[in-house]
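Notes for the structure review
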Amino acid sequence: MPQNQNGKQIFSLLEVTQSIKRTVAKRYGSSFWVTAEMNKLNRYQRSGHCYPDLVEKKDGKVIAELRAILWKDDYDRINANFQRTLKEPLKDGIKILFSTSITFDPKYGLSLQILDIDPSFTLGDLEKEKQETIKRLQLEGIFGKNKQLQLPILPQRIAIISVESSKGYADFTNIFKSARDVWNYSFFQMLFPSLLQGDNAVRTLIAQLDRIQKVAHHFDVVAIIRGGGGDIGLSCYNHFALAKKIAEFPIPVITGIGHSTNETVTEMIAHENAITPTKLAEFIVQKFHDFSVPVQKAEEKIVDRCLRMIQDRKTEFTAAVKLFRSATANILVRNRNLVDRQVGSLLQQMTAQLARTNLLLQNTERNVTNLSPENVLKRGYSITRVNGTSVRSFGQVNIGDTVETLLYEGQISSQVMSKNKSEKNE
């Protein structure tokens, strides 16, 4: 009870807070629906209770703020409903329509106790964010920009944004390992670890894209892969900042974020999109198949044509050899006959020539024999010599010289007593 002191009615703090509690309970005796932005969920892992910070903003400024209470049992029920309906958990930064009752505790003050949350309201807000992101990308003219890039014929060098421990990453890399083992395809892969869902996913995804962009010339494609989480936590892929980064990325970005609901904006603007990491890896491997099969067929065709050409050349060569042998045999026969005729003719000519030469030699021999000094002397001729030299001219002999006269039967020495020169030689 209040006390009177010096004409003043004085209440204790507890009396005041209890009065407020009664007034609030009387005025807000039933629950009602409220819209607000859940700035922070503030869930305590140990107790499971949540103490959300609720705000209302206008032109980006907070115009109202209040702390709420969400007990563990209510949180578990509401969160499960959110995941079934939105494919998203309760998290920071979403707009909610919630059923609440106002409570006032003398010790902890005024708070809103959240009894239920309508996921359809939040779903509409998330869809609104998605459509706004699409519209902004279209207005900036970059919605289809990444799709316009040329995907390499053989995308071998892959920058992967994922979580190393995730099933999706394991599925993705196993496909390439199999392709390498079975078909001898070669790939280079480098992991850039990132959060793939939740409040910090956008920030870490963009940070890793920034890292890749600095060395983009080392890669053919960027693959954003996520698996094992179903359809939960995909709202980050509708975020404008992330979508803009992907749209303007200098090399193709492909996605396999593992869900079966409507496409996120990130998937819409990516160069290629697959429903799972496995399908995305198979898409890349198929590019190698598309290239290798025609190459293998061309190789087979080249080998076949080469074998045919070799066989045709062998056949032509064999025919040419046969023709050459036949022609050379005929030529040899003709030339052998010609040679035989030439040899016969040459032998005849040589025989005749030898006969003529032999006759000529015989005649020459007879003449030489007849002209030999012995035969000449035999025919009555003689040879006169002075001092061992045959006398050929009148002047060689002087009166008083001793001359030798050679006859067939012997030799005569005489002295020149006189010499008379023939008048016909004068």
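For the structure itself, look to the data block above.
Residues numbered from 1 in each chain as written. Predicted model: local features only at pLDDT ≥ 70, side-chain atom pairs only at ≥ 80, totals over all residues. Heavy atoms only, no water.

1. Brief notes about helix α6 (residues 240-247)
The periodicity of an α-helix, 3.6 residues per turn, causes residues three or four positions apart to be oriented the same way. Rules: Burial status follows relative accessibility: with a 1.4 Å probe on protein chains alone, a residue under 20% of its type maximum counts as buried, one over 50% as exposed, and anything between as partly exposed. Helix and strand definitions here come from DSSP, where helices need a minimum of 4 consecutive H or I residues and strands a minimum of 2 consecutive E residues; each element is numbered from the N-terminal end. It only takes one pair of heavy atoms within 4.5 Å for two residues to be counted as in contact.
Of all eight residues in α6, six are buried, a share of seventy percent or more. Considered for burial, the residues of α6 that qualify are Phe240, Leu242, Ala243, Lys245, Ile246 and Ala247. Check the buried side of α6 and you find it contacts α3 (119-139), α5 (201-214), β10 (221-225), β11 (253-256) and α7 (265-269).

2. Here's the deal with the packing of aromatic side chains
Heads up, the condition is: For Phe, Tyr and Trp, rings pair up if their centres lie within 6.5 Å, where Trp contributes its six-membered ring, and each pair is then called stacked (planes under 30 degrees apart), edge-to-face (over 60) or tilted (otherwise). By definition, being over a ring means that NZ of Lys or CZ of Arg is both within 6 Å of the ring centre and within 35 degrees of the ring normal.
Within this structure, the stated rule accounts for nine aromatic pairs. Aromatic side chains Phe176 and Phe187 sit 4.7 Å apart centroid to centroid with 50° between the ring planes, which places their arrangement in the tilted category. Of this pair, Phe176 sits in helix α4 (residues 167-183) while Phe187 sits in the loop between α4 and β9 (188-193); the two residues are 11 residues apart in sequence, bridging distant segments of the chain. What makes Phe187 buried here is its relative accessible area of 12%. With a centroid separation of 5.8 Å and 25° between ring planes, the pair formed by Trp183 and Tyr185 is classed as stacked. Relative accessible area serves as the criterion here: at 10%, Tyr185 is assigned to the buried category. Directly above the ring of Tyr28 sits Arg27, whose terminal nitrogen or CZ lies 4.9 Å from the centroid.

3. Observations regarding the packing of α5 against α6
Note the following rule: Axis angles are defined between N-to-C directions and span 0 to 180 degrees, where every axis is a line fitted to C-alpha atoms and, for a helix, only to the segment in contact. For classification purposes, an angle smaller than 35 degrees is called roughly parallel, one larger than 145 roughly antiparallel, one from 65 to 115 roughly perpendicular, and anything else oblique. Take the far helix as the reference: if the near one is turned anticlockwise from it by less than a right angle, the crossing is left-handed, and if turned clockwise, right-handed.
In contact at an axis separation of 9 Å, α5 and α6 are set at 20° when each is read in the N-to-C sense. In terms of their interaxial angle, α5 and α6 are classed as roughly parallel. In the packing of α5 onto α6, the handedness of the crossing is left-handed. Taking contact as the criterion, the partners of Val202, Leu205, Ile206, Leu209, Asp210 and Gln213 in α5 are, on α6, Ala241, Leu242, Lys245 and Ile246.

4. Thoughts on helix α2 (residues 72-85)
Where we set the bar: What a helix should span is 1.5 Å times the count of its residues minus one. Comment: arc refers to directions from the helix axis out to C-beta atoms.
With 14 residues, α2 should cover 20 Å at 1.5 Å per step; its first-to-last C-alpha distance of 20 Å lies within 8% of that length. The complete set of buried residues in α2 reads Asp74, Tyr75, Ile78, Asn79 and Phe82. Each buried residue of α2 sits inside an arc of 120° when the element is viewed along its axis, so together they form one side. The outward face of α2, more than 90 degrees from its buried face, is lined by the exposed residues Asp73 and Arg84. Of the surrounding secondary structure, the elements contacted by the buried residues of α2 are β6 (94-105), β7 (109-118) and α3.

5. Quick notes on the environment of Thr266
Within the fold, Thr266 resides in helix α7. Taking the relative accessible area as the measure of exposure, Thr266 reaches 0% and is therefore buried. Each C-alpha atom of the pair Thr266 and Ile102 lies 41 Å from the other, and the pair is 164 residues apart in sequence.

6. Re the sheet that holds β6
Filter applied, for reference: Pairing between two strands is assigned when DSSP locates at least 2 bridges connecting them.
With respect to topology, five strands assemble into a closed barrel ordered β3-β4-β5-β7-β6, the strand pairing being mixed. For this sheet, the mean inter-axis angle between neighbouring strands, taken without regard to orientation, is 60°. Pairing of strand β5 (residues 61-69) with β7, which is carried by two bridges, proceeds in the parallel orientation. Along β7, the bridge assignment pairs Ile69 with Gln113. Strand contacts of α2: β6 and β7, with the helix running at about 35° to β7, the strand carrying the most contacts. Packing of α3 onto the sheet brings it into contact with β3 (32-40), β6 and β7, and relative to β6 it is tilted by some 140°.

7. Some remarks on the nonpolar core
The condition that has to hold: We call a set of buried residues a nonpolar core when its members are Ala, Val, Leu, Ile, Met, Phe, Trp, Tyr or Cys and they connect through side-chain atoms within 4.5 Å of each other.
One finds Ile161, Leu205, Ile212, Val222, Tyr237 and Leu242 to be the most contacted residues of the largest nonpolar core, which totals 31 residues. Mapped onto this core, the elements with two or more residues apiece are α3, β8 (157-162), α5, β10, α6 and α7. With six residues, the top contributor of residues to this core is α5. With residues near it in sequence (within four places) discarded, Tyr237 still touches Leu196, Leu205, Arg226, Leu242, Ile257, Thr264, Val265 and Thr266. Of all hydrophobic cores here, the second largest spans 22 residues; its members include Cys50, Phe82, Leu86 and Leu112.

8. Digging into the sheet that holds β10
The five strands lie next to each other as β9-β8-β10-β11-β12, forming an open sheet whose pairing is parallel. The open sheet is flanked by β9 and β12 (272-273), the only strands paired with a single partner. As paired elements, β10 and β11 share four bridges and run parallel to each other. Looking at β11, one finds that Ile224 is bridged to Thr255. Across the face of the sheet, helix α8 (residues 277-371) comes into contact with β8, β10, β11 and β12 while running at roughly 140° to β11.

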